[in-house]
Amino acid sequence: MCAARVYAPGRAHPSKHQAMLPKARLLSSLRLRARRAGLGGWVYVVPALAVYGWLVLGSLGTALQYSLYHWDGVGESEWAGFDNYIEVFRNDELLGAILHSFVLIGFYCVIPVSCGLVMAAVIHGGRQRSLGTWARTILFVPQLIPLVASGIAWKWMFATTGPVNQFLRAVGLGSITRAWLADYDLALPAVGLIGVWCLLGFCTLLLLTCMTRIDPTLYEAARIDGAGPVREFFAVTLPGLRNQIAVCVTVTIILSMASFDIVFVATGGGPGTQTMVPGVQIYRRAFTYHEVGLASAYGIVLMALVLLLILPIQRLSRTGGR
Amino acid sequence: MITNRREMLAGRLIVLVAIAYTLVPLLSMFLAALHPQGTAPRGFEWPADPQWGNFRDAFNSANMAALLKSSLIIEAAVVPVSVLIATMAGFALGQLRVAGHKVIFVVMLLGLTMPFEVVITPLYYRMRDLGLLDTRWAIILPLIALFMSFGVFWMRAHFLNLPDEFSEAALVDGASTWQTFRYVHLPLARPAMATLAILYFVWTWNQFILALVMVNDPERRTMAGALGYFQSQWGIDVVLLSAGSLVILTPTLIVFLIFQRQFVAALLQGAIKG
């Protein structure tokens, strides 16, 4: 699913209550601290840590280990050193998939976040209550649909006899109709548009929710100072949403690097390898070609890339924010 | 707020275009599903003779009743356990602040940024070694683990925002840690837990790659996983595939329309909180 894994930066909430604690409560608060220092509380973390450590951290460790071996999943494994990692950076197909995922960032992240901002501003600024309510409900629907179903719906949209071509013919653009998902140059942007469809509503609604929390007097002040809707957007809305934009960007970047369902269903990576993405590549390498070591090394590289892209955004939003 | 006429029109137009963009693929899938089976629909058009029976045929030939049951079994195993474990951990990290809580939290955060695909291979071999492949356990156990990062993150945020006074009051009354958790914090955490449960429910229902890798039999998969199977079976028959997809996504849509407010709030807070 689209927001299957939502990420938000861990901003610590400084507890005001602690600072304002009345003196009479000091004693019990000290006892609370004493209890906190103890190890008894660990009982409550153990189940979570156990299952997470066993299947997530443990699997991550195993992936690191696999990545250093040649293994077909059945027979004997053979020490490979860094061969698999070297192969990741030498193999055109593997590198190409990573490049495609960077292109997809443009579609999964840049378009939904920027269009989402504009649309949220429109819905928030306008007095169209009923339209706003409708928009909220409808735009959210793609979030609930399995990505597999979205892929199926769009595969039909983009088919030779599908609605997209029908529309193009109707407006006199019959010359550019084609089987979009089978087109060598346009398949990847077409897949990107499916991603836009999935994420536009999510970004719009998230930003809209946070926009309603911006102090309305700021907008009034901007209007009195003679700011038009555009100036107002850049002077009031954008700075107020800094942290939420960072959240949107982070979530959508992770989703574009980890995309699997849509591509697997809509194109399977084709035509050729024109829409191949890392997720599908890992699946193929591990379960079709039985190159477990290479698939694992590729996964580790993918994870490193995600972290490399995301950590600077976290830093930016935190120093810029409150 | 002062808004002039031209702005209002332009704004309305943008929103309308976005609504159309969202609806057209779903509507066209619906129209395609009404065409006679085995024919190729031509674009966005109302069929001459709508075949409502297609939905029934898709339901039957996909053995949808068994699929629903399978998905519900997986949900019933994943959601309550994950929510409970995450709540306990969130309590320990956010309220008790056990020794090392910062380190644990950072380690947990790692899972939030990790694409599923990175661990899918080791998970497969782990489940194979346990003899769990092709059983629902091979979906249930990894899902609980993969959901844990977000759940702990979410519940910790809830417990951090709670004033200390609740725990202090319970302490003064002589309650043990367990009693404080059970009778003070668990009831207070109910809204946060409900939201988490909604999120877990949708994510489990729509989970695809785990189902695809771990289980071959579509009748032991999640709904999205089963749909993936039909796509490979009925790939060419646009009509039946569309009807099947619609049948599969209807339950979540109905639940959504009923609990719309909670749903939107849940999925959005999921990103805002923290």
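For the structure, check the block above.
Computed from a prediction, not measured in an experiment: that's the story for all the values here. (Residues numbered from 1 in each chain as written. Chains lettered and ligands numbered in written order. Predicted model: local features only at pLDDT ≥ 70, side-chain atom pairs only at ≥ 80, totals over all residues. Heavy atoms only, no water.)

Participant: Just give me the short version of the overall build of chain B, but keep the residues and values in it.
Facilitator: Across its full length, chain B carries 13 helices and zero strands. With the C-alpha coordinates of chain B rotated into their principal frame, the extents come out at 75 × 65 × 30 Å. Relative to its full complement of 274 residues, chain B shows a buried share of 58%. In chain B, of all internal contacts separated by at least 6 residues, the share reaching a separation of at least 24 is 72%. Looking at chain B as shown, the accessible area adds up to about 10,800 Å², and 65% of this sits on carbon and sulfur atoms. If the 18 positive side-chain charges of chain B are averaged to one point and the 15 negative ones to another, these points end up 5 Å apart. (Helix = DSSP H or I, 4+ residues; strand = E, 2+ residues; numbered from the N terminus. Buried < 20%, exposed > 50% of the residue type's maximum accessible area, 1.4 Å probe, protein only. Contact = heavy atoms within 4.5 Å. Areas by Shrake-Rupley, 256 points an atom, 1.4 Å probe, with all protein chains shown as cover. Lys, Arg positive; Asp, Glu negative; His and termini not counted. Charge placed at Lys NZ, Arg CZ, Asp CG, Glu CD.)

Participant: Describe in detail helix α5 (residues 117-129) of chain B, supporting the description with residues and values.
Facilitator: All names here are of chain B. Its 13 residues give α5 an end-to-end C-alpha distance of 19 Å, which sits within 8% of 18 Å, the value for a rise of 1.5 Å per residue. Every buried residue of α5 is accounted for by E117, V118, V119, I120, T121, P122, L123, Y124, Y125, R126 and M127. Following α5 by one or two positions, G131 adopts a phi angle in the positive range, close to 70°. (Expected span 1.5 Å × (residues − 1).)

Participant: Residues and numbers for helix α1 (residues 5-33) of chain B, please.
Facilitator: All names here are of chain B. Relative to the 42 Å expected for 29 residues at 1.5 Å per residue, α1 spans 41 Å between its end C-alpha atoms, a close match to the ideal helical length. The largest bend in α1 amounts to roughly 30° and is located at L23, with the proline P25 lying one to four residues further along. What α1 keeps buried is the set G11, V15, A18, I19, T22, P25, L26, S28, M29, L31, A32 and A33. (Bend = angle between axes of the 7 residues up to and from the residue.)

Participant: An account of the state of the cysteines is needed here, citing residue identities and associated values.
Facilitator: Working definition: the covalent bond between the sulfur atoms of two cysteines is a disulfide. Residues and elements named next belong to chain A. Overall, the coordinates contain zero disulfides over all chains when judged by the stated rule. Considering cysteine sulfurs only, C203 is the nearest to C115, which forms no disulfide, with 9.7 Å between them. Residue class for C115 comes out partly exposed when judged on its relative accessible area of 34%. Between C203, a cysteine without a disulfide, and C248, which holds the nearest cysteine sulfur, the sulfur-to-sulfur distance is 3.9 Å. By relative accessible area, which is 0% here, C203 ends up buried. (Disulfide = S-S within 2.5 Å.)

Participant: How would you summarise a nonpolar patch on the surface if you had to cite specific residues and measurements?
Facilitator: All names here are of chain A. A cluster of nonpolar residues, F167, V171, L173 and I176, forms a patch on the protein surface that exposes about 350 Å² of accessible area. Relative to the elements of secondary structure, V171 occurs in the loop between α8 (163-170) and α9 (187-211). With relative accessibility at 46%, the residue V171 sits in the partly exposed group. (Patch = residues over 30% accessible without salt bridge, like charges linked within 9 Å, V, L, I, M, F, W, Y side chains within 5 Å. Salt bridge = Lys/Arg side-chain N within 4 Å of Asp/Glu carboxyl O.)

Participant: So what about the nonpolar core? Which residues, and what values?
Facilitator: Ranked by size, the top nonpolar core spans 200 residues in total, and within it M148, M155 and M214 of chain B carry the most contacts. Considering every element that reaches this core, the biggest residue donor is α9 of chain A, with 17 residues. When residues of this core are assigned to domains, at least three map to each of domain 1 (14-66) and domain 2 (91-319) of chain A. Residue contacts for M155 of chain B: discarding those within four places in its chain leaves A86, T87, G90, A189, A192, M193 and L196 of chain B. (Core = buried A, V, L, I, M, F, W, Y, C linked by side-chain atoms within 4.5 Å. Domains from an automatic or database assignment.)

Participant: With reference to specific residues and values, describe the pattern of salt bridges.
Facilitator: Counted under the stated rule, the structure contains seven salt bridges over all chains. Here R178 of chain A and D183 of chain A are joined by a salt bridge, their closest N and O atoms 3.2 Å apart. With a relative accessible area of 29%, R178 of chain A lands in the partly exposed category. Residues D129 of chain B and R128 of chain B are paired through a salt bridge, measuring 3.8 Å at the closest nitrogen-oxygen approach. By relative accessible area, D129 of chain B is classed as exposed at 61%. If you follow the salt bridges from partner to partner, you end up with E93, R285 and E291 of chain A in one network.

Structural measurements only, silent on function.
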